[in-house]
Amino acid sequence: MIQWTGVAGRSTLLATVLWLGGLVFSTGAAATQELPRIDPHAGYQSEPGISEYTETSAARPVDKSVTRLSERKGPVSTTDHAKLKELEGPFASGPDVTRACLGCHTEAGHQFTKNKHWTWRYDHPVTGQKLGKSVLINNFCTNARGNEGMCAQCHAGYGMTDAKTYDFANQENIDCLICHESTGTYYKTPPTRGNKACSVMFTDKPAIDLVKVAQSVTLPGRNNCGACHFYGGGGDNVKHGDLSSVLFQPSRSIDVHMGEDGENFSCVICHVGEGHEWAGSRYNMVGKDTKGTGKPGMPRDTATCESCHGHDPHPLNLVGVKLNDHTDRVACETCHIPTFARGGVATKVAWDWRTAGRLKNGEGFKLEGYTQGDGKHRHTYKSIKGTFAYDENVVPSYAWFNGVVDYTTIDTRFGDQRPVAINKPLGDASDPDARIWPFKLMHTVQPYDKGNNTLVYMHLWGDNRDAFWGNYDFGRAIERGMADNGIPYSGQYGFVETVSYWPINHMVTPKQDALSCKQCHAREGRLKDLPGFYMPGRDSNAWFDRIGILAVLAALAGVLLHALLRIVMRARRKG
Amino acid sequence: MSKRHVLIFNRFERFWHWTQAIAIFVLLFTGFGIHGLHPFGDFETLVSAHVLAAVYLMVLWVFAIFWHLTTGSWRHYVPTSQGLLRVARYYAIDIFKGEDHPYRKHFWRKHNPLQAITYLALKLVLFPAIWLSGLAYLSYGLWSQGAMTNGALEWVALAHTAAAFAMLVFIILHIYLLTTGHSFAEHVRPMVTGYDEIELSDVEEAYLRQDEPGRLRR
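Residues numbered from 1 in each chain as written. Chains lettered and ligands numbered in written order. Predicted model: local features only at pLDDT ≥ 70, side-chain atom pairs only at ≥ 80, totals over all residues. Heavy atoms only, no water.

Focus on the overall build of chain A
To be explicit about the condition: Going along the chain from the N terminus, every DSSP run of H or I of four or more residues is numbered as a helix, and every run of E of two or more is numbered as a strand. We call a residue buried when its accessible area falls under 20% of the maximum for its residue type, exposed when it is over 50%, and partly exposed in between, using a 1.4 Å probe and counting protein chains only. The contact criterion used throughout is that any non-hydrogen atoms of two residues lie within 4.5 Å. Here the open area of atoms and residues is found with the Shrake-Rupley method and a 1.4 Å probe, where only the protein chains shown may cover a residue.
Regarding its fold elements, chain A presents 15 helices and 19 strands. In chain A, buried positions account for 53% of the 575 residues. Across chain A, every contact between residues at least 6 apart in sequence was considered, and the portion connecting residues at least 24 apart equals 72%. Approximately 25,400 Å² of chain A is accessible, and the part contributed by carbon and sulfur atoms is 54%.

Written as structure tokens, this is what we have:
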């Protein structure tokens, strides 16, 4: 039994109420998020195609982040790749560079072909589920499968147009540069061009100087990981909520670890690993780290807070001792990330696919109905995707979580419960391995197979008449998406409410900004709906308190009566 | 027979009584605040103050228990049925007739029988209840076994809250009873100055004059 609590974030959503004539839609009785309406008077921009991953296919700011914990806080490599004759080029293509890399790094290719950034597969050791980008369905753009021509822009390899037929054994197709280059000039575009309307994604791209890029390789900085991970779900901070372009060059107040005026950590300081396998995947998280810092000299092998800070990180004073008592049941992130999507970049919190496909003069269009903290406008409607809502400085939702996530996959037949949980963090208060964790909740209304009660694969990307992004026909897109993958389809699609859970781990604040006790220890606190345990300040037995208060009132009434009687009797005696 | 001002509450006893009173009021206020029964104070501040006051009281009690045992003061609390009914009858009936309190304080027995048995119950039942539940509450981090002790904390909290309500009831009655018999001020004064007016037999007076002259006010 999973139990949840939801706490509404700061309602910047409500401020973005827009309305477009003729585009009245109902969010449905059970819809949990207020979606923006579309304004008929607001200007709209015609969008020939999509511009989703323009950020990923553009130059980025390069950070000089710390990639190794050392006093020098600078590179400590024994090799300057710019001096290697192997990297003098010329290189005609990415795979050319990879061949050069593998010439010296003889084991790297084999190592990386096991990594999920390459395989897009993950076999869950606990639930046994077959997961990974190549098969999963989410409640953003829903599925990469069948849309690799677009989505594999973020595959760490070259030319994956179809995960079913891609040669995963060919190490020369590994894209070493996207993770290791440090010039900020290397970028990737989608492997295929899709519908002709999508050409905007490929125009005006500067040529890449592969020699310069290859000679710049180093351990990954934030700009390497962030190029994809900050843009998951189709734009800046869309998916995670705690991973945005703000983290390229954050201040300490946004992220105490990555802040350039602080530790200036790169991602790999926490996401430790050897041999191209590293810690911190959210498919199977460490819900509760019982090892902590380990003994002196023991290596860190997880991305947990405890692997550096231990189990008793608070000072040994009156409050600190009590806080240390919390670490067995409350994840560090719960108090130390009071809000996410900070620093001016919003995150998407709701999506309604039902409105997708509206056209103006026969063309798709987009509306920018939300202005985020840094002044940038965000799309609240796109013909290719539907209607969105955003939020910033969001108060997380909290749930018990033991690290294991259960997914609704393409072959899961769900029941009548709504919303359908795209993924469910498992655990509850009675689970010794579970702790209270913060989550971003994403609420979506998305297509599903009405006859079979399953999610669907949609064929979104492609230069054909079935691709939704171009032809705007759900029926054809689903029919094709299911057929291409041999998934049974009833032929009847509808729209279903879904929710997904995104564990919040980044944007840890400086300690003075952490939650104070009363934000949870209160009747109406952040954990007011989280069941299964007694929490001082929140819980009480109503009847028990009533009896106690009655006893006190009875004592007061008794002495008052006694006193009154004494006064009356004295007056009578005197009278 | 003569009425003399005799020292019946020595300095430690008065210190104990008043700082304990302050601590108990702090504990009641912060405790009920933590429990959410009033909106005053920040949870962290309330808990810190509650813990500090509790630790202070525990230390004080260690000294008080030692004092009771080594000075023989524990004898003041030995219950007796002698005169108990008359005192009870006084509070229930005779007080309204304007009669005097039946108990005459002795320098070697400072509480009336009803008082003695009440304080004994306080010290043997209510205080241990509040300390044991409080210590269990305070040390939760030491004995909690995560999920397995989810329910236990609730029982500890219930017991502790029950004891707190009982404590508040005691305080209401305790303060009210100061208004009975003599005046309120006359009841409070001995606990401030230490001296109370007590009827001494000639032998008692002679003894005090001879052996404990400091206990007699000139």
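Anyway, onward from the coordinates.
Here we look at the overall build of chain B
Applied cut-off: Note that His is not counted, nor are the chain ends; the positive residues are Lys and Arg, and the negative ones are Asp and Glu. Here the site of a charge means NZ on Lys, CZ on Arg, CG on Asp, or CD on Glu.
Per the secondary structure count, chain B includes 8 helices and 2 strands. Listing the helices and strands of chain B from first to last along the sequence gives β-α-α-α-α-α-α-α-β-α. The buried share of chain B, reckoned over its 218 residues, is 46%. Considering only contacts in chain B between residues 6 or more positions apart, those separated by 24 or more positions represent 71%. Counting every atom, chain B has about 11,900 Å² of accessible surface; 68% of that belongs to carbon and sulfur. The distance from the centre of the 18 positive side-chain charges to the centre of the 16 negative ones in chain B is 5 Å.

Remarks on the packing of helix α2 (residues 43-71) of chain B against helix α4 (residues 113-138) of chain B
All names here are of chain B. Heads up, the condition is: In this analysis an axis means a line fitted to C-alpha atoms, helices contributing only their contacting stretch, and an angle means the value between N-to-C directions, from 0 to 180 degrees. Orientation is classified from the angle alone, with under 35 degrees giving roughly parallel, over 145 giving roughly antiparallel, 65 to 115 giving roughly perpendicular, and any other angle giving oblique. Left-handed describes a crossing whose near helix is turned anticlockwise from the far helix through less than a right angle; right-handed describes the clockwise counterpart. Here the nonpolar group is Ala, Val, Leu, Ile, Met, Phe, Trp, Tyr, Cys and Pro; Asp, Glu, Lys and Arg are the charged ones; every other residue, Gly included, is treated as polar.
Closest axis-to-axis distance for the α2/α4 pair is 12 Å, and the angle between their directions is 140 degrees. By the angle class used here, α2 and α4 are oblique. Handedness of the α2/α4 crossing: left-handed. Residue-level inspection shows V51, A54, L57, M58, W61 and H68 of α2 in contact with α4, the latter providing K123, F127, W131, L135 and L138. Counted by class, the contact of α2 with α4 contains 9 nonpolar, 1 polar and 1 charged residues.

Remarks on the packing of aromatic side chains
All names here are of chain A. Formally: Each aromatic pair joins two rings of Phe, Tyr and Trp (for Trp, the six-membered one) with centres within 6.5 Å, and gets the label stacked for planes under 30 degrees apart, edge-to-face for over 60, and tilted for any other angle. Whether a charge sits over a ring depends on NZ of Lys or CZ of Arg being within 6 Å of the ring centre and within 35 degrees of the ring normal.
With the rule as written, the count across this model stands at 33 aromatic pairs over all chains. For the pair Y231 and F248, a centre-to-centre distance of 6.4 Å together with 40 degrees between the ring planes defines the contact as tilted. Of this pair, Y231 sits in the loop between α8 (222-229) and α9 (267-270) while F248 sits in the loop between α8 and α9, and the two are 17 residues apart along the sequence. This pair shows no difference in class: Y231 is buried, exactly as F248 is. Over the aromatic face of Y158 sits the side chain of K188, whose NZ or CZ is 5.1 Å from the ring centroid. Taking the ring centre of W351 as reference, the NZ or CZ of K348 above it sits at 4.4 Å.

Here we look at the interface of chain A and chain B
Cut-off, in case you're wondering: In short, buried area is how much 1.4 Å probe accessible area vanishes from two parts on joining, totalled over both. The rule for a salt bridge is simple: a side-chain nitrogen of Lys or Arg has to be within 4 Å of a carboxyl oxygen of Asp or Glu.
The interface of chain A with chain B comprises 37 residues on the first partner and 37 residues on the second. Both sides together, the interface formed by chain A and chain B hides about 3,200 Å², and carbon and sulfur atoms give 68% of it. Together, Y534(A), F544(A) and R566(A) form the three largest contributors to the area buried by chain A at its contact with chain B, with a combined 21%. Between K518(A) and D42(B) there is a salt bridge, with the nearest N and O atoms lying 3.1 Å from each other.

What to know about the nonpolar core
Selection rule: Throughout, nonpolar core names a set of buried Ala, Val, Leu, Ile, Met, Phe, Trp, Tyr and Cys residues whose side chains join them through atoms within 4.5 Å.
Among the nonpolar cores identified, the biggest contains 38 residues, and W353(A), F468(A) and W469(A) are the most heavily contacted of them. Those elements that place two or more of their residues in this core are β12 (386-391), β17 (435-449), α13 (468-471), α14 (474-484) and β19 (493-503) of chain A. Per-element tally for this core: the top contributor is α14(A), with 4 residues. I24(B), L27(B), Y119(B) and L122(B) belong to the second-largest nonpolar core, a separate cluster that totals 33 residues.

Considerations on the confidence of the model for chain A
Under the convention used in this document: Within a predicted model, pLDDT stands for the predictor's per-residue confidence, ranging from 0 to 100.
The predicted model of chain A has a mean per-residue pLDDT of 88, with 89% of residues at 70 or higher. Note that pLDDT drops below 50 for residues 1-33 of chain A; the model gives that stretch 89 contacts with residues more than four away or on any other chain.

Structural notes on the pattern of salt bridges
All names here are of chain A. For the structure shown, the criterion picks out 23 salt bridges over all chains. Among the ionic pairs, D466 bridges to R480, the shortest N-O distance being 3.1 Å. Taken together, the residues D466 in the loop between β18 (454-455) and α13 and R480 in helix α14 connect sequence positions 14 residues apart. On the accessibility criterion, D466 (16% relative accessible area) is buried. Residue R480 pairs with D484 through a salt bridge whose shortest N-O separation is 2.9 Å. With a gap of 4 residues between them, R480 and D484 both fall in helix α14, about one helical turn apart. Assessed through its relative accessible area of 26%, R480 is described here as partly exposed.

A word on unusual backbone geometry
Residue and element names in this part refer to chain A. Cis geometry marks the peptide bond from G89 to P90; its omega dihedral reads -5 degrees. Tracing the sequence through the fold places P90 in the loop between β2 (45-46) and α2 (94-104). Residue R418 is joined to P419 through a cis peptide bond whose omega torsion reads -5 degrees. With respect to the helices and strands, P419 occurs in the loop between β14 (405-407) and β15 (420-421). Phi angles above zero are rare outside glycine, and W120 is one such case at about 55 degrees. Tracing the chain through its elements places W120 in the loop between α4 (116-119) and β3 (122-123). The exposure class assigned to W120 is buried, which follows from its relative accessible area of 4%. Phi at T142 takes a positive value of approximately 75 degrees, unusual for a residue other than glycine. Relative to the assigned elements, T142 resides in the loop between β4 (130-131) and α5 (148-151).

Observations regarding the state of the cysteines
Residues and elements named next belong to chain A. Using the following cut-off: When two cysteine sulfur atoms are found within 2.5 Å, that pair is recorded as a disulfide.
One pass over the structure, following the stated rule, counts 1 disulfide over all chains. Disulfide pairing places C154 opposite C228 at an S-S distance of 2.4 Å. Across the S-S bond linking C154 and C228, the dihedral sits near -100 degrees, which makes this disulfide left-handed. Remark: C228 occurs in helix α8 and C154 occurs in the loop between α5 and α6 (176-180); sequence separation between them is 74 residues. Under the relative-accessibility criterion, C228 is labelled buried at 18%. With no disulfide of its own, C151 has C141 as its nearest cysteine by sulfur position, at a separation of 6.9 Å. The exposure class assigned to C151 is partly exposed, which follows from its relative accessible area of 27%. Here C267 stays free of any disulfide, with the sulfur of C225 as its closest cysteine sulfur at 3.8 Å. The exposure class of C267 is buried, given its relative accessible area of 15%.

With respect to empty space enclosed by the protein
A probe matching the size of a water molecule, rolled over the atoms, marks out where space remains unfilled. Residues and elements named next belong to chain A. Basically, it comes down to this: Cavities and pockets are found on a 1 Å grid laid over the protein atoms alone: a cavity is a set of points where a 1.4 Å probe fits but cannot escape, a pocket is an open set with protein on both sides within 12 Å along at least five of seven lines, and a lining residue has an atom within 4 Å of such a point. Grid points are joined across faces, edges and corners, and a volume is the space filled by probe spheres set on the points.
According to the stated counting rule, one finds 2 cavities of 30 Å³ or more in the structure shown. Taken as a whole, the second largest cavity spans an internal volume of roughly 50 Å³. Surrounding the second largest cavity, D289, K291, G292, T293, P299, R300, D301, T302 and S307 form its lining.

Thoughts on the confidence of the model for chain B
Considering every residue of chain B, the mean pLDDT works out to 90; 100% of them sit at 70 or more. When mean pLDDT is taken per element in chain B, helix α1 (residues 11-34) of chain B scores highest with 96 and strand β1 (residues 2-7) of chain B scores lowest with 87.

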